[in-house]
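# Architecture at a glance
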Amino acid sequence: MLERIHLEILTAIKEHGTLTKAANSLYLSQSALSHSIKKLEGQVGTPIWKKDGRNLRLTAAGEHIQTLANRVLPQFVHTELLLNQIAKGELGSLRIGMECHPCYQWLLRVIEPYLEHWPDIDIDVKQEFQFGALGALLSYEIDVLITPDPLFKPKISYIPVFNYEHRLVVAKSHKLATQEFVLPEQLSEEVLFSYPVEPLRLDIFSQFLNPAKCSVKKHKTIETTEIMLQMVAAGRGICALPGWLVDEYSKTMPIKSLRFGEQGINKQIFVGIRNNEQHIDYLNDFIAQAKKTT
């Protein structure tokens, strides 16, 4: 009953709003679109869309079909891409989704030797999936998910590839800079800079401040690592970053990192892949290369 063209039509209607624009986006005539949906409506016995002024609005039935389209169409595209690559004798593509800001610098170390080993693999890094890439992995929009905070699902395998310590970063002139570790209550008068992530997903809150029922004076978000560390170096506040990343920037900036408490916060970077693709050689080699990178 349902065909791929129905999914594509409703997705186009949802995106463009009008029959004319939807038809143009699919390179079809308006009459072809209307005929296809009218036939489907006759089969299911309920309207799929309704007119809303000049626009078309999906009915409840149409919304259900469009939800299915969001899940299924990316898998069609993914499979067709793989088939096309097989037909051309190409090995494949690797679309990487990033779910943490500082992981990008770590990924650069992995990609360089990987590209040398797999010259026929096309790599695309999709940073727009930051902090929400699991859905993209499940819907075949990406092939690999890089994350320090995996959400375990039955269809996804997470492989730990890199261990690091999450550390507090202060200016060398900061009053805490002479300490080896910091206590939660010592941050009560500090301005904390972080990436634009909800506080519950920040380790400094979830693993350090919240358990001690402490907080900071003010919390501000900054998009880029470089600007964040410049603010810290200027004495404007503090931040929390992977120790290995801070070590790199401390070579050229007046900053120092401290352990969170006596035990510290130990983390891992994980590579997430779909279970049914664990046999793909170039995916496995990416994971192997990631484990080698320090």
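Description of the structure in this document. Please read these numbers as outputs of a predicted model, since none were measured by experiment.

### Points about the layout of surface pockets
Roughly 230 Å³ of internal volume is contained in the largest pocket. As for the largest pocket, its lining consists of 14 residues, of which Leu 19, Ser 34, Trp 49, Lys 51 and Leu 56 are closest to the centre. Among the elements that make up the lining of the largest pocket, the one with the highest residue count is helix H3 (residues 30-44) (five residues). Its residues assigned to classes, the lining of the largest pocket comprises four nonpolar, six polar and four charged.

### Quick look at empty space enclosed by the protein
Within the structure shown, the criterion is met by two cavities of 30 Å³ or more. For the largest cavity, the calculated volume is near 310 Å³. Lining the largest cavity are 23 residues, and of these Pro 102, His 166, Tyr 195, Leu 202 and Asp 203 lie nearest its centre. The greatest single-element share of the lining of the largest cavity, amounting to three residues, is contributed by strand E10 (residues 238-242). Broken down by class, the residue content of the lining of the largest cavity amounts to 15 nonpolar, three polar and five charged. Built from parts of two domains, the lining of the largest cavity gets at least three residues from each of domain 2 (85-157 + 271-290) and domain 3 (161-265).

### Quick look at the packing of aromatic side chains
Evaluated as defined, the whole model comprises eight aromatic pairs. Judged by centre distance (5.5 Å) and plane angle (85°), the ring pair of Tyr 114 and Phe 286 falls under edge-to-face. Linking Tyr 114 in helix H5 (residues 103-117) with Phe 286 in helix H10 (residues 281-292), this pair joins segments that are 172 residues apart in sequence. Of the two residues examined, Tyr 114 and Phe 286, each falls in the buried class. Aromatic pair Phe 208 and Phe 260: ring centres 4.9 Å apart, planes at 65°, arrangement edge-to-face. Highlighted residues: Phe 208 in helix H7 (residues 203-209) and Phe 260 in strand E11 (residues 255-260), separated in sequence by 52 residues.

Definitions and limits used
Residues numbered from 1 in each chain as written. Predicted model: local features only at pLDDT ≥ 70, side-chain atom pairs only at ≥ 80, totals over all residues. Heavy atoms only, no water. 1 Å grid on protein atoms, 1.4 Å probe; cavity = no way out; pocket = protein on both sides within 12 Å on 5 of 7 lines; lining within 4 Å. Points joined across faces, edges and corners; volume = space filled by probe spheres on them. Helix = DSSP H or I, 4+ residues; strand = E, 2+ residues; numbered from the N terminus. Nonpolar A, V, L, I, M, F, W, Y, C, P; charged D, E, K, R; others polar. Domains from an automatic or database assignment. Phe/Tyr/Trp six-rings, centres within 6.5 Å; stacked < 30°, edge-to-face > 60°. Buried < 20%, exposed > 50% of the residue type's maximum accessible area, 1.4 Å probe, protein only.

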